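Coordinate inspection notes
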Amino acid sequence: GARTARGRLRRGGVAGGGRRAAGGYGTADVSGWWAWGKLLATGGNPYLSKYPRVWPPFWLPFAWLSYVTSEATGLPFYFIVKLFPIAADVALTLFLYAVAKEYGCPPWKTALAYALNPIAIYSVAVHGQFDVIPALCLTIAVVMVRGGDERRRIHAGLRRGGRGAVKPLPRVCGRGRLAA
């Protein structure tokens, strides 16, 4: 609920990120995503568009959903497509809040240190970058590996794989970092 610390973080993150996303800044680079979404919604092939390099690899379902939602609601596409990274940003903030005590850190300070970081705000809410999605997956993986339980390690590997699906090239550079 809104009265708990987690509820206040959730409301503030969604409201703040949504206001910044609605500003329309950093929207020039989403034209390819719009084209892919429109092509998918109309039965076309995004690989035959003038944006044949689909990046990130998993983004096509988000492009389609953003386009369809934009058309149905009348909200601008650049606003809708930024909501996915904003949701991941809020989830990462809540996750940091939830695990901070486990690492001997104060939950509020830990969560707010990330949530109010100007780089995170600019790259996600203003510019619409999706880098927070692999950051969320990797952060969860690192915390899960720390637990030592075999089942947690398997789930950590899956999270790391999700991170690799978003940003495959840096994954090569970080290979073996999660070995316990």
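Residues numbered from 1 in each chain as written. Predicted model: local features only at pLDDT ≥ 70, side-chain atom pairs only at ≥ 80, totals over all residues. Heavy atoms only, no water.

**Examining the overall build of the protein chain**
Along its length, the protein chain carries nine helices and zero strands. Written out in order from the N terminus, the α and β elements of the protein chain read α-α-α-α-α-α-α-α-α. Expressed as a percentage of the 180 residues in the protein chain, the buried residues total 38%. When the accessible surface of the protein chain is totalled, it reaches about 10000 Å², and 63% of it is carbon and sulfur. (Helix = DSSP H or I, 4+ residues; strand = E, 2+ residues; numbered from the N terminus. Buried < 20%, exposed > 50% of the residue type's maximum accessible area, 1.4 Å probe, protein only. Areas by Shrake-Rupley, 256 points an atom, 1.4 Å probe, with all protein chains shown as cover.)

**Some details on the environment of Val124**
You can see Val124 is positioned in helix H6 (residues 118–126). Measuring from C-alpha to C-alpha, the distance between Val124 and Ile86 comes to 6.3 Å, with 38 residues separating the pair along the chain. Setting aside its immediate chain neighbours within four residues, Val124 contacts Pro85, Ile86, Asp89, Gln129 and Val132. (Contact = heavy atoms within 4.5 Å.)

**Digging into the confidence of the model for the protein chain**
With 63% of its residues at a pLDDT of at least 70, the protein chain reaches an overall mean of 75. For the protein chain, per-element mean pLDDT is lowest for helix H9 (residues 168–173), which scores 45, and highest for helix H3 (residues 60–73), which scores 94. Every residue in residues 17–26 is under pLDDT 50, and counting partners more than four places away or in other chains gives 22 contacts. Low pLDDT, under 50, characterises residues 169–180; the predicted model gives this stretch 14 contacts beyond four residues in sequence or across chains. (pLDDT = per-residue confidence, 0-100.)

**Structural notes on the nonpolar core**
Of all hydrophobic cores here, the largest spans 26 residues; its most connected members are Trp33, Trp59 and Val132. For this core, the secondary-structure elements that each account for two or more residues are helix H2 (31–41), H3, helix H4 (77–99), H6 and helix H7 (132–146). In terms of residue count, the dominant contributor to this core is H4 (eight residues). Apart from residues no more than four positions distant in its own chain, Trp59 is found in contact with Trp33, Val81, Phe84, Pro85, Phe130 and Ile133. (Core = buried A, V, L, I, M, F, W, Y, C linked by side-chain atoms within 4.5 Å.)

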